[in-house]
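An overview of the molecular structure
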Amino acid sequence: EAGVTQSPRYAVLQEGQAVSFWCDPISGHDTLYWYQQPRDQGPQLLVYFRDEAVIDNSQLPSDRFSAVRPKGTNSTLKIQSAKQGDTATYLCASSTAEVFFGKGTRLTVV
Amino acid sequence: GQQVQQSPASLVLQEGENAELQCNFSTSLNSMQWFYQRPGGSLVSLFYNPSGTKHSGRLTSTTVIKERRSSLHISSSQTTDSGTYLCALEFSGSWQLIFGSGTQLTVMP
């Protein structure tokens, strides 16, 4: 069975540029999470979905970040006008009970 | 609020020694997982263990709901066990997975 797939694996941006991250969860998993993990820190939840519905996006910087999961399967996380402080690994995870993580997208904003 | 506390923050062992990592939580939970992460690596699920004891090779996870704690025991440590161990909990009434701050384990040859 395929795991959680994320792309791209790496991204390097200038400040002010936009970027989108894509996640394909494990088939049948109704819950999907996006986490931000700065270097040498633990993962911090940004947003999570149950099917296509956003359950909690209170930690998502709403002025520049957005996340969608329109059909309750794949999901896209977008950053408009990236800042150096957004430099981190962005992790997608999915679950029905046990949570499984993708390999992440390592973002560097210079 | 909902809190997860992991200890110790860091641990250095000689190869062959055992380790006991702890995770304490403040409220009732739906699930508990232990993850392993190498520097720059992805999060690997070690155990999904909402209650009781589970074994996998040299690893043992024990979650005691009444005492609001979970432990990860590593026996006969190896240098390849080095990395960060994170506990993560889903609290009752939420699907949100909240992480502890992690234990950074270094096993010396």
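Residues numbered from 1 in each chain as written. Chains lettered and ligands numbered in written order. Predicted model: local features only at pLDDT ≥ 70, side-chain atom pairs only at ≥ 80, totals over all residues. Heavy atoms only, no water.

Digging into the overall build of chain B
Regarding its fold elements, chain B presents zero helices and eleven strands. Counting helices and strands in the order they occur from the N terminus, chain B gives β-β-β-β-β-β-β-β-β-β-β. Computed over its C-alpha atoms, the radius of gyration of chain B comes to 13 Å, within 12% of the 13 Å expected for a compact globule of 109 residues. Here chain B holds 109 residues, and 43% of them are scored as buried. Here the contacts in chain B between residues at least 6 apart in sequence split such that 56% fall between residues at least 24 apart. Here chain B contributes 6 positive and 6 negative side-chain charges, whose respective centroids are spaced 8 Å apart. (Helix = DSSP H or I, 4+ residues; strand = E, 2+ residues; numbered from the N terminus. Rg over C-alpha atoms; globule rule 2.2 N^0.38 Å. Buried < 20%, exposed > 50% of the residue type's maximum accessible area, 1.4 Å probe, protein only. Contact = heavy atoms within 4.5 Å. Lys, Arg positive; Asp, Glu negative; His and termini not counted. Charge placed at Lys NZ, Arg CZ, Asp CG, Glu CD.)

Examining the packing of aromatic side chains
Scanning the model with the defined rule gives ten aromatic pairs over all chains in all. Here Phe-101 of chain A and Phe-99 of chain B contribute two aromatic rings whose centre-to-centre distance is 5.8 Å and whose plane-to-plane angle is 65°, an arrangement assigned as edge-to-face. Within this pair, whereas Phe-101 of chain A is found in strand 10 (residues 99–101), its partner Phe-99 of chain B is found in strand 10 (residues 97–99), the two belonging to separate chains. The residues Phe-101 of chain A and Phe-99 of chain B share a single accessibility class, namely buried. For the ring pair Phe-35 of chain B and Phe-99 of chain B, a centre distance of 5.6 Å and an interplane angle of 40° mean the geometry is tilted. (Phe/Tyr/Trp six-rings, centres within 6.5 Å; stacked < 30°, edge-to-face > 60°.)

As for the interface of chain B and chain A
Contacts between the two partners involve 15 residues from chain B, matched on the other side by 17 residues from chain A. Between chain B and chain A, roughly 1,500 Å² of surface is buried when both sides are summed, and carbon and sulfur atoms account for 56% of that area. Together, Leu-43, Trp-95 and Gln-96 of chain B form the three largest contributors to the area buried by chain B at its contact with chain A, with a combined 38%. Across the chain B-chain A interface, the total number found is zero salt bridges. Here chain B and chain A share seven residue pairs in polar contact (both at pLDDT 80 or more) between them. (Buried area = accessible area lost by both parts, 1.4 Å probe. Salt bridge = Lys/Arg side-chain N within 4 Å of Asp/Glu carboxyl O. Polar contact = N/O pair within 3.5 Å; in protein donor to acceptor, adjacent residues only side chain to side chain.)

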